[in-house]
Amino acid sequence: MSASVLVIGAGVSGLTTAVCLAESGMDVRVDTDRLPGETTSAAAGAMWDPYLAEPRHLVARWSRETLSVLTGLSTDADAGIRLVEGTQESRVPCELPVWGALVGARRCEPDELREGFVTGWHYSAPLVDMPRYLDYLVRRLARAGGSIRRHHYDTLEEATREAPVVVNCSGAGARSLAADDSVEAVRGQLVVVENPGIRTFFCDDTPGAEDLTYIYPHADVLVLGGTADRGNWELRPDEAAAQEIIRRCAAVEPSIAGARVIEQRVGLRPVRERVRLEQERRDSTSTGAGAGMATGAGSLLLHNYGHGGAGLTLSWGCAREIAERVRTAVGPTP
Ligand SMILES: Cc1cc2nc3c(=O)[nH]c(=O)nc-3n(C[C@H](O)[C@H](O)[C@H](O)COP(=O)(O)OP(=O)(O)OC[C@H]3O[C@@H](n4cnc5c(N)ncnc54)[C@H](O)[C@@H]3O)c2cc1C
């Protein structure tokens, strides 16, 4: 089976990109060495939560566009997305985040702040049950005619021999696949516990804090965060780290202390100084049936990786930009 557009990677970047391409009429296949439920994306918490990555003006636009799509999808019971209220708090005074107005953030009253916190912002934002959301994207891709195959690529040249257009959404895997040493894995671990009745999210946003502490309430479970270990590629959970996450979260919400642990999750944030959304031409001969697609000389190779701790937050903005670039390069689909 061959396709006109080959997407490498079945995390949130690859699946969202594949959906955008397939829904604009293209023949799309996703090739991936890990299926959606096995990816970093499935391990994420996950909230729409922009951070100041480069290129800043584009990151701001991609985040805004994604917020709009995720907010729209929160009314679809199948997507696993809810708008959840909560607070982001800091142990030192700090200003309203630049994106605060987009989510209606208001300064917390002193009696809303947890002990030890001096500033906080109250807002609502999309909270995503990632395993469920990835399943939703897989179904949406299938409805648009796209498919997924388990397959590992050692090089991008192998992929450009398969299809005239290739989109590289390989996350931290881009370090070897795209020979890009500027991508680093920042390992993150989360603990999922039974929800003792917490309905609002909490996030410690103290600038420079060594630990990431957050509590995300999904319907029956809480996702507790977290860790950030640069250069650590270990995918097995660490029991001591899990106990420390529970201790930190219980210090903020004491009812968490005795909550039953359901699972632990580990993922590798694909951190890079700049998100890589670029295109290039590779000299290679396409052998797939999709080779009839006119892309000019050589194969068109696009990159969409390096989203660090904000892959969900940037997903729709980046995917739409990739789809637009492909449409511009190949012209309208019949
Ligand atoms: C603990 C934790 C919490 C997080 N919380 C949030 C959050 O709240 N909000 C947010 O926006 N982001 C969050 N993130 C970040 C987010 O999870 C990532 O930015 C995002 O998952 C990256 O998605 P991706 O699709 O680019 O990569 P991945 O999900 O890693 O997917 C990469 C895909 O490429 C495939 N692949 C790689 N190399 C090859 C190869 N050589 N051949 C074939 N296939 C290959 C893999 O199999 C995989 O399918 C969190 C991350 C972690 C770890």
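Here the structure is a predicted model, which means the values were calculated and not measured.

1. Digging into the packing of helix 3 (residues 56–73) against helix 8 (residues 311–330)
The interhelical angle for the contact between helix 3 and helix 8, taken along N-to-C directions, is 105°, at an axis separation of 6 Å. One way to sum up the angle between helix 3 and helix 8 is to call them roughly perpendicular. Taken together, the residues of helix 8 that come into contact with helix 3 (itself represented by Val59, Arg61, Trp62, Ser63, Glu65, Thr66, Val69, Leu70 and Leu73) are Leu312, Thr313, Leu314, Ser315, Trp316, Gly317, Cys318, Arg320 and Glu321. The class makeup of the residues in the contact of helix 3 with helix 8 is nine nonpolar, five polar and four charged.

2. Digging into the domain arrangement of the chain
You can read the domains of the chain as domain 1 (1–80 + 129–183 + 272–334) and domain 2 (87–122 + 184–266). Its C-alpha centre places domain 1 at a distance of 28 Å from the equivalent point of domain 2. Where domain 1 touches domain 2, the interface holds zero salt bridges. Linking domain 1 to domain 2 there are three residue pairs in polar contact (both at pLDDT 80 or more). For the side of domain 1 that touches domain 2, the secondary structure elements donating two or more residues are helix 2 (40–43) and helix 3. Its residues assigned to classes, the side of domain 1 that touches domain 2 comprises twelve nonpolar, two polar and five charged.

3. Overview of helix 1 (residues 12–23)
Its twelve residues give helix 1 an end-to-end C-alpha distance of 16 Å, which sits within 8% of 16 Å, the value for a rise of 1.5 Å per residue. Buried residues dominate helix 1, accounting for eleven of its twelve residues. Trailing helix 1 by a residue or two, Gly25 shows a phi angle of about 100°, which is positive.

4. Some remarks on the nonpolar core
Residues Val7, Leu21, Tyr133, Leu137 and Trp316 are the most contacted members of the largest nonpolar core, which totals 65 residues. Take this core: its biggest share by element is nine residues, from helix 8. For this core, the domains that each give at least three residues are domain 1 (1–80 + 129–183 + 272–334) and domain 2 (87–122 + 184–266). With sequence-adjacent residues up to four places away left out, Trp316 is seen in contact with Thr16, Val19, Cys20, Thr66, Val69, Leu70, Leu73, Tyr133, Leu137 and Arg140. In terms of nonpolar packing, the next biggest core, distinct from the first, is built from 18 residues, Phe202, Ile215, Ile245 and Ile246 among them.

5. Topic: the site of the ligand
The local shell around the ligand holds 37 residues, among which Thr32, Asp33, Ser41, Gly308 and Thr313 are the closest. In the model, a nitrogen atom of the ligand is placed 2.8 Å from a nitrogen or oxygen of the Met47 main chain. Within the contact set of the ligand, an oxygen atom lies 2.6 Å away from a backbone nitrogen or oxygen of Gly308. Burial of the ligand by the protein amounts to 95% of the accessible area it has alone, namely 1000 Å². Classifying every residue of the shell around the ligand gives 14 nonpolar, 20 polar and three charged. Both domains that meet at the shell around the ligand, namely domain 1 (1–80 + 129–183 + 272–334) and domain 2 (87–122 + 184–266), each give it at least three residues.

Cut-offs used in this document
- Residues numbered from 1 in each chain as written.
- Predicted model: local features only at pLDDT ≥ 70, side-chain atom pairs only at ≥ 80, totals over all residues.
- Heavy atoms only, no water.
- Axes fitted to C-alpha atoms, helices over the stretch in contact; angles between N-to-C directions.
- Helix = DSSP H or I, 4+ residues; strand = E, 2+ residues; numbered from the N terminus.
- Parallel < 35°, antiparallel > 145°, perpendicular 65-115°, else oblique.
- Contact = heavy atoms within 4.5 Å.
- Nonpolar A, V, L, I, M, F, W, Y, C, P; charged D, E, K, R; others polar.
- Domains from an automatic or database assignment.
- Salt bridge = Lys/Arg side-chain N within 4 Å of Asp/Glu carboxyl O.
- Polar contact = N/O pair within 3.5 Å; in protein donor to acceptor, adjacent residues only side chain to side chain.
- Expected span 1.5 Å × (residues − 1).
- Buried < 20%, exposed > 50% of the residue type's maximum accessible area, 1.4 Å probe, protein only.
- Core = buried A, V, L, I, M, F, W, Y, C linked by side-chain atoms within 4.5 Å.
- Near = heavy atom within 4 Å.
- Areas by Shrake-Rupley, 256 points an atom, 1.4 Å probe, with all protein chains shown as cover.

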